[in-house]
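Each chain, letter by letter, is given below.
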There are 2 protein chains.
Amino acid sequence: MAHRAVGRALSLLRGRLRLPGPGHGQPRGHVRPGSSGAAVQRAPQAAAPEEPGEDAEVNTGKKTFTEVQTERLEQAERTVLIKCPPKLNENKLLQYLSSHGNIKSHFFFENRGIHALIEFSEKNSIASLQDAIGVPSAAEYHVVPFKSRLFTFMLKNPVSQAAEETPLHLSPQFHIPVKDLIQKLCHADSISSQMYILLNEYQLTDENIKLRYLVCSLVRDFAHAYFPDSTVKPFGSSVNTFGKLGCDVDMFLDFRDTQKHAAKMKKGPFEMEYQMKRLPSERLATQKILSVIGDCLDNFGPGCVSVQKILNARCPLVKFSHQPTGFQCDLSVSNSIAIKSSELLYIYGCLDSRVRALVFSVRCWARVHGLTNSIPGTWITNFSLTMMVMFFLQRRSPPIIPTLDQLKELADQKDKLVIGGYDCSFVSDLSKIKRTNNTETLDVLLGDFFEYYGNFDFRRNSINLRKGKEVNKPESSPLYIWNPFEQDLNISKNVNQPQLEKFVAMARESAWILRKEEKAQQMINKEPWGLAALLIPFGKSNSNKMKNRMKGIGSETIRNLLDSLKLNNPNSLQKAVGK
Amino acid sequence: MAHRAVGRALSLLRGRLRLPGPGHGQPRGHVRPGSSGAAVQRAPQAAAPEEPGEDAEVNTGKKTFTEVQTERLEQAERTVLIKCPPKLNENKLLQYLSSHGNIKSHFFFENRGIHALIEFSEKNSIASLQDAIGVPSAAEYHVVPFKSRLFTFMLKNPVSQAAEETPLHLSPQFHIPVKDLIQKLCHADSISSQMYILLNEYQLTDENIKLRYLVCSLVRDFAHAYFPDSTVKPFGSSVNTFGKLGCDVDMFLDFRDTQKHAAKMKKGPFEMEYQMKRLPSERLATQKILSVIGDCLDNFGPGCVSVQKILNARCPLVKFSHQPTGFQCDLSVSNSIAIKSSELLYIYGCLDSRVRALVFSVRCWARVHGLTNSIPGTWITNFSLTMMVMFFLQRRSPPIIPTLDQLKELADQKDKLVIGGYDCSFVSDLSKIKRTNNTETLDVLLGDFFEYYGNFDFRRNSINLRKGKEVNKPESSPLYIWNPFEQDLNISKNVNQPQLEKFVAMARESAWILRKEEKAQQMINKEPWGLAALLIPFGKSNSNKMKNRMKGIGSETIRNLLDSLKLNNPNSLQKAVGK
């Protein structure tokens, strides 16, 4: 029955979202939220004069990670951000701007007022626009005359123009609250379709991705001023297909292109090179550059606030809040291994539509139950949790995704990469990867995921994505997940025994709930069921919903559950987690 | 006799230096040192492929201050600086560079190694060159990859190329020591020619001026990166025709052009403006901008060392040392009154050749006798001293230079300028100013200068260049010189009573020496005479030269002189300086 339900949900979604079927083998990227179906009550995308299908092509996942990044970065350079008055005639704004060039796409969003992102077809339209734009008069305050691509659009006579307003379609930049999500999930007809609904609500929208690349491009303008060969690229959740709406923008400053010119002019008996500041270490250079760019953002960057330099960290960093886009940003300097990790996840996310649906569901579940946290600590990180899902999918029979060693075997010459002595080569061309024959539904996969980790021998075994095998732990960390590239590092070294025990307890409990649930009965009772049932904190027995849900669960289970939540008195978990 | 001697000296200098005669009325700018005559033993200017007469046109002084600045700044943007190996074939370097464009001028100088300044005819030659130049390989050290216009030229195989070296002509960037100057002066045949020799040895050379504009242009590249409408302009001694070799480069960051665009795009019913950082005061904006540019210079600027931010001063400032040019630089933000002061001095310096000769002689004299100092204190500043010379020249009969009120009367519409409530208007077009009929020689003027200030009633009177009249002191500062633009300020407020007394004593002593001297006898005895005699510290009785010179001076004078130098026991000066 579950299988049939998934089929229905998917056929519903596929029509609107261009979703491939599970095991269908078609890689996919990000779903266009503006075009989402009935289950997703979002404003339809504002009519933009873009070529049909263009966006789809960017997002099909047929492109390599690098191709997508290059395209998005180029797109961002043709883009401006305009703060608009609360009431506005959209067509008038577009007409006004189009005197500077063809507008390829645009959308509106709400963030401390209404903003419009405008993508021109040609980069030089921006120069034309910038040339025509005024500097704010310094009557009441003084301005730092740094000319960015952030503008303010004003009506000269707001009253007379109010009549011409048309309602604006606003593209959402944040996901809905969990309680609203749970409501939505209850109306689905299978766990699988619940998981796709969650994915669709939480994943980054095309618009949000454009904003992320724009903020990188705006920071690049600062770096570019002094280092014309440098670029600023997003990495991590913004680009690895696993980012959720509202997540931070991790970006890095890349000087790699600078090196291309090194020692170029060597014709004849002479050499000529730039006089440059010399420093005893690359780290010191990184710190100095980040420090100055941090100051530039702080002092010149419109809307750049709360700039924090964290230069003595292992990976020197500038944190800042970008008010116009609403993003919290972390700027570091090129970290090749972090980028390869992003690319690896991108590949896994594109290979099979079930991958991202399962990851988003598990991460949402983990967050609800306090297994992950946005502040650093002994919690399992989102990255570790994602790797655990990947490993689980490698362990299916037949496997849903290949091991890293298999991806490495498919690498061609241009994919070869050794960083700091570690071989980080793997195939970049998605079309070279054979898709799985596994046709398991997400209903099955979700339940089995919880069962798998509920029974995993964490005491003895570690998780190795390179081999796709449980291997003996090389050391005694409670949770050991091999860093896929730096093979002697454990990416979950931070996780302590109580946190791991909590995870195992929650996984067991969740597996048990999914097994026991009588969906038909719960739907009739309008009780949360399936994934929705897993997204209610288990300990909250005072809530009505919880009480209702608890009716179907034996008292022994509740006792076990509560025991496991106390963490100080772990019981049945001892053996499994190796205490 | 003196008059004839001046005539001879001038006709000698005029042939090589294109000097106009005194009172001739031809304005002149900077003398080209490379082409200086026999009295000036400098290396002849390296043969540069420049158009003949081009430089002369820049320097004739026919141009307004603004025209000269604009031309020089544009020239600086077409200029690069190249560090060369100690031995070099000049033609090979030029041939090598000329593949990127026509070289309009060039020269070599010594400053922590050999450097070449290369001026291209076209700005885009620099882009072509930059594109071909390599980044230093980061084998032993790491570089900050900021690409400036400072390059290093290297021979791949120094040994095999050593045979092809040709001796380089090095343009001097520092004036000769006073003791060498005194030697030279002794060979002149009049005080007037001595003063022109001193001027020629001390004044900025065309090459040095090019370097000064280049360093401004290099700083501009930093500011330009973020503020494309900004410029960095030199002011003060680098441009007022009174700078001596080795003096600091005062420069300011000018945003004035930025304001032109203010509120431009106002067509139709809409307005669009840049989003910019807003600050409560212009001072705060200035501080933030200077702070970031200071950091950029410090962290990215090759050869920028000892960067000091002095942001809480009345006029916020960044001091730095620019190693490639050897300049000590002070960067501030646009100070309109300082610029008008530079322009006023430029006009006075261009009006009559005697003006600069007298100022340079008096300043050299003052420095030798400890009346001025490079560190701030109670000493008379060079600016005050220059103003005292100007005032003296206004007081001649007929006056040699006009008063500021007369220059103001000649101002046309475009010269009108009010800054902070002060009328700073004066004529910019030199051709509108009627030249003097006064034909006094510098021999006369120098002696009379010392007599004039030796007898000046400092107790009661102040120096007012606007009116060209001694006026009653508005307050009790020992020395009161009216700020020419901010009329309620005294530019010599820092000078205390002992310093003023010392100045008057030295002036009297010098006037006395010039009156008493028997030139013919001294020349036969090979003793310092005329200006040379004034450039030997009066107190140094242990030196042989001094002993010789002292022979001709009565013992009473020496006692008076020594008394006045003690400063604690002022005697005959009391009445004059108002103690």
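Going by the annotation in an unreviewed UniProt entry, the name recorded for chain A is Mitochondrial poly(A) polymerase, with Strigops habroptila given as the source organism.

Draft legend 1. Looking closely at the sheet that holds strand β2 (residues 103-110) of chain B. Pairing is mixed in the open sheet, where five strands are placed in the order β8(A)-β5(B)-β1(B)-β3(B)-β2(B). This sheet does not close on itself; its edge strands, each paired only once, are β8 (270-274) of chain A together with β2 of chain B. Geometrically, the sheet is characterised by an average inter-axis angle of 25° between neighbouring strands, direction not taken into account. Across five bridges, β8(A) lies against strand β5 (residues 150-155) of chain B in antiparallel orientation. Across the sheet, residue M272(A) finds its bridge partner in β5(B), namely F153(B). Packed on one face of the sheet, helix α4 (residues 90-98) of chain B meets β8 of chain A together with β1 (79-84), β2, β3 (114-120) and β5 of chain B and runs near 140° to β2(B).

Draft legend 2. Structural detail: the interface of chain A and chain B. Of the residues lining the interface, 74 residues belong to chain A; the matching set on chain B comes to 74 residues. When chain A packs against chain B, close to 8,100 Å² is buried across both sides, 63% of that on carbon and sulfur atoms. Inspection of the region where chain A meets chain B yields two salt bridges. Scanning the region where chain A abuts chain B turns up 30 residue pairs in polar contact (both at pLDDT 80 or more). With 11 residues, the single largest contributor to the side of chain A that touches chain B is helix α11 (residues 282-300) of chain A. Here the residues of the side of chain A that touches chain B sort into 41 nonpolar, 15 polar and 18 charged.

Draft legend 3. Examining the relation of the copies chain A and chain B more closely. Least-squares fitting of chain A to chain B yields an RMSD of 0.1 Å, with the transformation described by 0.0 Å of translation along the axis and a rotation of 180°. Read as a symmetry element, the transformation amounts to a two-fold axis. The rotation axis passes nearest to the C-alpha of A225(A) in chain A, at a distance of 2.3 Å. Both copies contact each other with a shared surface, as 100% of the interface residues of chain A are interface residues in chain B too.

Draft legend 4. Structural detail: the environment of F153(A). Inspection of the secondary structure puts F153(A) in strand β5 (residues 150-155). Accessibility expressed as a relative area gives 2% for F153(A), which makes it buried. Considering only alpha carbons, one finds F153(A) and P85(A), 68 residues apart in sequence, at a separation of 6.8 Å. Aside from chain neighbours lying at most four places away, what touches F153(A) is I82(A), K83(A), C84(A), P85(A), L88(A), L93(A), Y96(A), F270(B), E271(B) and M272(B).

Draft legend 5. Here's a closer look at the packing of aromatic side chains. Overall, the coordinates contain 52 aromatic pairs over all chains when judged by the stated rule. Plain terms: the ring middles of F146(A) and F222(A) are 4.5 Å apart, the flat faces sit at 25° to each other, and that makes the pair stacked. With a gap of 76 residues between them, F146(A) in the loop between β4 (142-143) and β5 and F222(A) in helix α9 (residues 206-226) connect regions that are remote in the sequence. A relative accessible area of 4% means that F222(A) is categorised as buried. Joined through ring pairs, the aromatic side chains of F146(A), F222(A), Y226(A), F227(A), F255(A), F300(A), F146(B), F222(B), Y226(B), F227(B), F255(B) and F300(B) make up one cluster. The cationic tip of R363(A) hangs over the ring face of F360(A); the distance from NZ or CZ to the ring centre is 5.9 Å.

Draft legend 6. Highlighting the state of the cysteines. Tallying each qualifying case throughout the model produces zero disulfides over all chains. For C247(A), which is in no disulfide, the shortest distance to another cysteine sulfur is to C329(A) and amounts to 11 Å. Between C364(B), a cysteine without a disulfide, and C186(B), which holds the nearest cysteine sulfur, the sulfur-to-sulfur distance is 13 Å.

Draft legend 7. Inspection of the UniProt feature "domain: RL" (unreviewed entry) in chain A at higher detail. UniProt records the feature "domain: RL" (unreviewed entry) at residues 64-132 of chain A, using the numbering of this structure. Taken end to end, residues 64-132 of chain A comprises 45% helix and 30% strand; its first and last C-alpha atoms sit 38 Å apart.

Draft legend 8. Geometry of the packing of helix α16 (residues 442-454) of chain B against helix α17 (residues 497-516) of chain B. Residue and element names in this part refer to chain B. Where α16 meets α17, the closest approach of the two axes is 8 Å, and the angle between their N-to-C directions is 140°. With respect to α17, the axis of α16 lies oblique. The element α16 and its partner α17 pack so that their crossing is left-handed. On α17, the residues touching L446, G447, F450, E451, Y453 and G454 of α16 are F503, V504, A507, R508, S510, A511, L514 and R515. Split into classes, the residues belonging to the contact of α16 with α17 amount to eight nonpolar, three polar and three charged.

Draft legend 9. Highlighting the pattern of salt bridges. The full count for this structure, using the stated rule, is 58 salt bridges over all chains. Among the salt bridges present, the one from D221(B) reaches R149(B), with a minimum N-O distance of 3.0 Å. With D221(B) in helix α9 (residues 206-226) and R149(B) in the loop between β4 (142-143) and β5, this pair connects stretches of sequence that are 72 residues apart. Accessibility expressed as a relative area gives 23% for D221(B), which makes it partly exposed. Since its relative accessible area comes to 5%, R149(B) is described here as buried. Several salt bridges share partner residues, and in doing so they unite R72(A), E74(A), R78(A), E119(A), D206(A) and K210(A) into one network.

Draft legend 10. Quick peek at the sheet that holds strand β12 (residues 327-333) of chain A. All names here are of chain A. Pairing within the open sheet is mixed, and its five strands lie in the order β6-β7-β12-β11-β10. The open sheet has two free edges, formed respectively by β6 (231-235) and β10 (304-310), since each of these has just one partner strand. For this sheet the average axis-to-axis angle between neighbouring strands, irrespective of direction, equals 25°. Direction of pairing for strand β7 (residues 249-254) relative to β12: parallel, over a ladder of five bridges. Among the inter-strand pairings, D250 is bridged to a residue of β12, identified as D330.

Conventions we followed
Residues numbered from 1 in each chain as written. Chains lettered and ligands numbered in written order. Predicted model: local features only at pLDDT ≥ 70, side-chain atom pairs only at ≥ 80, totals over all residues. Heavy atoms only, no water. Pairing = 2+ DSSP bridges. Helix = DSSP H or I, 4+ residues; strand = E, 2+ residues; numbered from the N terminus. Axes fitted to C-alpha atoms, helices over the stretch in contact; angles between N-to-C directions. Contact = heavy atoms within 4.5 Å. Buried area = accessible area lost by both parts, 1.4 Å probe. Salt bridge = Lys/Arg side-chain N within 4 Å of Asp/Glu carboxyl O. Polar contact = N/O pair within 3.5 Å; in protein donor to acceptor, adjacent residues only side chain to side chain. Nonpolar A, V, L, I, M, F, W, Y, C, P; charged D, E, K, R; others polar. Least-squares fit on C-alpha atoms with pLDDT ≥ 70 in both. Buried < 20%, exposed > 50% of the residue type's maximum accessible area, 1.4 Å probe, protein only. Phe/Tyr/Trp six-rings, centres within 6.5 Å; stacked < 30°, edge-to-face > 60°. Lys NZ or Arg CZ within 6 Å of the ring centre and 35° of its normal. Disulfide = S-S within 2.5 Å. UniProt positions renumbered as here; feature names shortened; annotations may be inferred. Parallel < 35°, antiparallel > 145°, perpendicular 65-115°, else oblique. Left-handed = near helix turned anticlockwise from the far one by under 90°.

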